[in-house]
Amino acid sequence: MSGVPLETLPEQPELKRVMGPGLLLLFIVGDILGTGIYALTGQVAAEVGGVVWLPFLIAFVVALLTALSYLELVTKYPRAAGAALYTHKAFGIHFLTFLIAFAVMSSGITSASTASRAFAANFSEAFGFDFGDFGVTFVAVAFIALVAAVNFRGVGESVKLNVLLTVVELTGLLIIIGIGFWAIAGGEGDVSRAWTFQPSSEHGVFWSVIAATTLAFFAMVGFEDSVNMAEECKQPSRIFPKVLLGGLFITGVIYVLVAISAITLVPAAELGEGETPLLKVVQAGAPNFPIGVFGIITMFAVANSALINMMMASRLIYGMSREQVLPEVLGKVHAGRKTPYIAIGFTSLLAVGLILFAGGVPALGGTTALLLLGVFAVVNIAVLVLRKDKVDHPHFRTPTIVPILGAATCLFLVGPWTGRDPVQYAIAAVLIGIGVVLWFATIGFMRSANQSA
């Protein structure tokens, strides 16, 4: 069922437009950089050996195809809600729209929840505290509460904090690149490793690269979050194309350089052990560098991921409420702060639930990428369906072959033939099952409130 036209909804204050091209670029770069590159480099190396940079490059190309499709849709429909809005307009099926919205929201909240756990664990290690599991959980919940407070205060404050955290996490990656190239210039390390295939024992070269790409793709997601901030951007139809593509290219270059630096200084087998691959690079290339400082940088990086993902999730819920796909109450905007305060509270409570009951599951990161690949396939198809829908303002138009290739590559990377851990499908099935239950609950709520679904 399709939603009620926006004109029939009760009047709500508009979100405050505070993001120009500079802030939007930092938002995109900060969101993509996140926790992925800090944690996944070693796992990618374990799959392919020295050519650790190649899966990141392929993941960049896959992300670029979908980003071009997103650009057509966000400049055509510059509103919050992103993929769910495009699905709603393209297919008009309430159930499908709700599941897409739930999948995107779940990906953001699972990412933020695991980032919060990582923040708490790094906090404990960096300052020498022995909190135990209960203490780490408490710090993670307290951190989510702090993120919610910043989010409620306003997107201007949230984005300013994002700028600070983005600079910190970018600094950490530039340190890795600098250490690597300083060592290369000094004749240390082994640059030839960067051209050496060492596929894992279970797969041949091709499938090892594909398996590694599914891991690396998690490090590239994040660009899609920016479309949910469209209502808080100045002139979104004009600035989005150059800013989004610029952000993707910046992060793609950084990832390739980080991968080359890492494999030059640390052999693939050693890089693939443990959960702190970049810390090993610092220790190998600059043994006198204060390791605790890099630990704090990592902590700030995951904090940035949590902040951006919770901003995205709350704006998505707000946007879908305004489209009558979720209950009207979730679309309320605070009169003073001009922020979607009910949506912020709702998504924050979900994040706390994940931290308490599923925050320690390592496969949540892979599940996040799995859910988003499915969503990206739908978005690429929606571009083609919505070509017949004309709007009264100029917008970006991507070549027709791009969404076709985008949908095909995303669907390919979703499949079990990629070597994806089966537990990711199990977690995704549970999350989608929860979504189905919530869909029926939403329909019942809307009917009881005399709303038309």
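Definitions and limits used
Residues numbered from 1 in each chain as written. Predicted model: local features only at pLDDT ≥ 70, side-chain atom pairs only at ≥ 80, totals over all residues. Heavy atoms only, no water. Helix = DSSP H or I, 4+ residues; strand = E, 2+ residues; numbered from the N terminus. Buried < 20%, exposed > 50% of the residue type's maximum accessible area, 1.4 Å probe, protein only. Contact = heavy atoms within 4.5 Å. Areas by Shrake-Rupley, 256 points an atom, 1.4 Å probe, with all protein chains shown as cover. Axes fitted to C-alpha atoms, helices over the stretch in contact; angles between N-to-C directions. Parallel < 35°, antiparallel > 145°, perpendicular 65-115°, else oblique. Left-handed = near helix turned anticlockwise from the far one by under 90°. Nonpolar A, V, L, I, M, F, W, Y, C, P; charged D, E, K, R; others polar. Core = buried A, V, L, I, M, F, W, Y, C linked by side-chain atoms within 4.5 Å. pLDDT = per-residue confidence, 0-100. Phe/Tyr/Trp six-rings, centres within 6.5 Å; stacked < 30°, edge-to-face > 60°. Expected span 1.5 Å × (residues − 1). Lys, Arg positive; Asp, Glu negative; His and termini not counted. Salt bridge = Lys/Arg side-chain N within 4 Å of Asp/Glu carboxyl O. Patch = residues over 30% accessible without salt bridge, like charges linked within 9 Å, V, L, I, M, F, W, Y side chains within 5 Å.

Draft legend 1. Representation of the overall build of the chain in the model. Secondary structure summary: the chain contains 16 helices and 0 strands in total. Evaluated residue by residue, the chain yields a buried proportion of 57% over its 453 residues. Partitioning the intrachain contacts of the chain with sequence separation of at least 6 by distance along the chain shows that 83% fall at a separation of at least 24. Counting only carbon and sulfur atoms, one obtains 69% of the accessible surface of the chain, whose full area is about 17500 Å².

Draft legend 2. Here's a closer look at the packing of helix H3 (residues 53-76) against helix H15 (residues 401-414). Contact geometry for H3 and H15: axes closest at 9 Å, N-to-C directions at 130°. As judged from the angle between their axes, H3 and H15 are oblique. Helix-helix and strand crossings are classified by hand; for H3 and H15 the assignment is left-handed. Contacts between H3 and H15 involve Val62, Leu65, Thr66, Leu68 and Ser69 from the first element and Val402, Pro403, Leu405, Gly406, Thr409, Cys410 and Leu413 from the second. Residues belonging to the contact of H3 with H15 are distributed by class as follows: 8 nonpolar, 4 polar and no charged.

Draft legend 3. Here's a closer look at the nonpolar core. With 141 residues, the main nonpolar core has Phe56, Tyr70, Phe223 and Leu248 as its most contacted residues. Residues within four places of Leu248 in sequence aside, it is in contact with Ile32, Phe60, Ala63, Leu64, Ala67, Met220 and Phe223.

Draft legend 4. Summary view of the confidence of the model for the chain. Looking at the chain, the pLDDT average stands at 81 and 87% of residues meet or exceed 70. Per-element confidence in the chain ranges from a low mean pLDDT of 79 for helix H16 (residues 422-448) to a high of 96 for H15. Counting interchain partners and residues more than four positions distant, the pLDDT-below-50 stretch residues 1-11 has 21 contacts.

Draft legend 5. Region of interest: the packing of aromatic side chains. Inspection of the entire model under this criterion finds 12 aromatic pairs. Both rings, one in Tyr70 and one in Tyr86, keep their centres 6.2 Å apart while their planes meet at 70°; by these two values the pair is edge-to-face. Taken together, the positions of Tyr70 in helix H3 and Tyr86 in helix H4 (residues 82-91) put the pair 16 residues apart, joining distant regions of the chain. Comparing Tyr70 with Tyr86 shows no difference in burial state: the two are buried.

Draft legend 6. Here's a closer look at helix H12 (residues 291-322). Taking 1.5 Å per residue as the helical rise, H12 with its 32 residues ought to reach 46 Å, and the 47 Å between its terminal C-alpha atoms agrees with that figure. Most of H12 sits out of view: 26 of its 32 residues are buried.

Draft legend 7. Structural context of the side chain of Glu169. Within the secondary structure layout, Glu169 lies in helix H7 (residues 155-185). No salt bridge forms around the buried Glu169; measuring N to O, its nearest opposite-charge neighbour Arg315 is 17 Å away. If we ignore the near neighbours within four places in the chain, the residues touching Glu169 are Gly30, Leu33, Gly34, Tyr38, Ile297, Ala301 and Asn304.

Draft legend 8. Broad picture of H3. An ideal rise of 1.5 Å per residue puts 34 Å on 24 residues; H3 measures up with 35 Å between its terminal C-alpha atoms. Counting buried positions over the 24 residues of H3 gives 21, a clear majority of the element.

Draft legend 9. View of a nonpolar patch on the surface. Where nonpolar side chains cluster on the molecular surface, the patch consists of Phe91, Ile93, Phe95 and Ile381 and spans about 310 Å² of accessible area. Mapped onto the elements of the fold, Phe95 is located in helix H5 (residues 94-126). Look at Phe95 and you get partly exposed, because its relative accessible area is 32%.

Draft legend 10. Layout of the environment of Ala301. Assignment of secondary structure puts Ala301 in helix H12. Judged by its relative accessible area of 0%, Ala301 falls in the buried class. Spatially, the C-alpha atoms of Ala301 and Leu33 are 7.9 Å apart, while their sequence positions differ by 268 residues. Not counting residues up to four positions away in its chain, the partners in contact with Ala301 are Gly34, Tyr38 and Glu169.

Draft legend 11. Fine view of the environment of Gly222. The residue Gly222 is located in the loop between helix H8 (205-220) and helix H9 (236-265) in this model. Gly222 gets classed as buried once you look at its relative accessible area, which sits at 3%. Remark: the alpha-carbon pair of Gly222 and Gly108, spanning 114 residues in sequence, is separated by 9.0 Å. Discounting chain neighbours no more than four positions away, the residues touching Gly222 are Asp31 and Ile32.

Draft legend 12. Highlighting the packing of H3 against helix H14 (residues 364-385). Look at H3 against H14: their axes get within 9 Å of each other, and the N-to-C directions meet at 50°. On the basis of their axis angle, the class for H3 and H14 is oblique. At the point where H3 passes H14, the crossing takes the left-handed sense. Residues Leu65, Thr66, Ser69, Tyr70, Glu72 and Leu73 of H3 form the contact with H14, whose own contacting residues are Val375, Phe376, Val379, Asn380 and Val383. Broken down by class, the residue content of the contact of H3 with H14 amounts to 7 nonpolar, 3 polar and 1 charged.

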